[in-house]
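Descriptive structure summary
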Amino acid sequence: MDETLYAAVVLFNADEYRPAQTACHLIHEQEDLSSDDQIICVGLTELATAIDDAKNHRWVSAVTAADTAAAKLASGDGSHPSFNSDQLRGYISTLSNDPVVIERRRVPSLRIDEKQPTVATLRFDAIGYAASAVATHLEDVDTDIIADAIQYG
């Protein structure tokens, strides 16, 4: 898996679902991802969308996004089997059938090769994607300063 995608996973695990979506979009636009990584990127985006929609009581959109996430992550399962764990598949299935589960159960953390990526384990370019994604969702943040810092880093 392209290590820049770890940025989206770190944001996802921090319950930053909208920035995780944004990070996936930024990564998809900027990185030359393999077709398997593109599928994972779309699947992760849809999963983050499903969870964000469920948290905001947009039940129909949550179900649609959960179904798309399940299909995408399952199709990329051959190249990244540890990303699509039984626990995650079960949660997505439950979310698809009962989006109110978001209020009863915690979203499982994403793991890659049995490890949970953290900010400390990210490469600098991946940190840049995460920082840019978070900045786009904050008010009163000069995103040009963040872009300059990433470029000079």
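Residues numbered from 1 in each chain as written. Predicted model: local features only at pLDDT ≥ 70, side-chain atom pairs only at ≥ 80, totals over all residues. Heavy atoms only, no water.

**Some details on the overall build of the protein chain**
The number of helices and strands found in the protein chain is seven helices and zero strands. Along the chain direction, N to C, the helices and strands of the protein chain fall in the order α-α-α-α-α-α-α. In the structure as shown, the protein chain presents an accessible area of about 8,000 Å², 48% of it carried by carbon and sulfur atoms. (Helix = DSSP H or I, 4+ residues; strand = E, 2+ residues; numbered from the N terminus. Areas by Shrake-Rupley, 256 points an atom, 1.4 Å probe, with all protein chains shown as cover.)

**Details of the pattern of salt bridges**
All told, the structure shown has five salt bridges when counted by the stated rule. A salt bridge links arginine 58 to aspartate 52, with the nearest nitrogen and oxygen atoms 3.2 Å apart. Linking arginine 123 and aspartate 125 is a salt bridge whose minimum nitrogen-to-oxygen distance equals 2.6 Å. With relative accessibility at 36%, the residue arginine 123 sits in the partly exposed group. Judged by relative accessible area, aspartate 125 falls into the partly exposed class, the value being 29%. (Salt bridge = Lys/Arg side-chain N within 4 Å of Asp/Glu carboxyl O. Buried < 20%, exposed > 50% of the residue type's maximum accessible area, 1.4 Å probe, protein only.)

**Concerning the confidence of the model for the protein chain**
Here the protein chain averages 85 in pLDDT, while 86% of its residues score no lower than 70. Summarising per-element confidence for the protein chain, the mean pLDDT is lowest in helix α7 (residues 143–152) (63) and highest in helix α4 (residues 59–75) (93). (pLDDT = per-residue confidence, 0-100.)

**What to know about the nonpolar core**
Core analysis: the biggest nonpolar cluster contains 41 residues, and Phe12, Leu44, Leu47, Ile51, Leu95, Val107 and Leu110 have the highest contact counts within it. For this core, the secondary structure elements donating two or more residues are α1 (5–13), α2 (17–30), α3 (35–55), α4, α5 (86–97) and α6 (124–135). Among all residues touching phenylalanine 12, those that are not within four sequence positions of it are Tyr17, Ala20, Leu44, Leu47, Ala48, Ile51, Val107, Pro108 and Leu110. (Core = buried A, V, L, I, M, F, W, Y, C linked by side-chain atoms within 4.5 Å. Contact = heavy atoms within 4.5 Å.)

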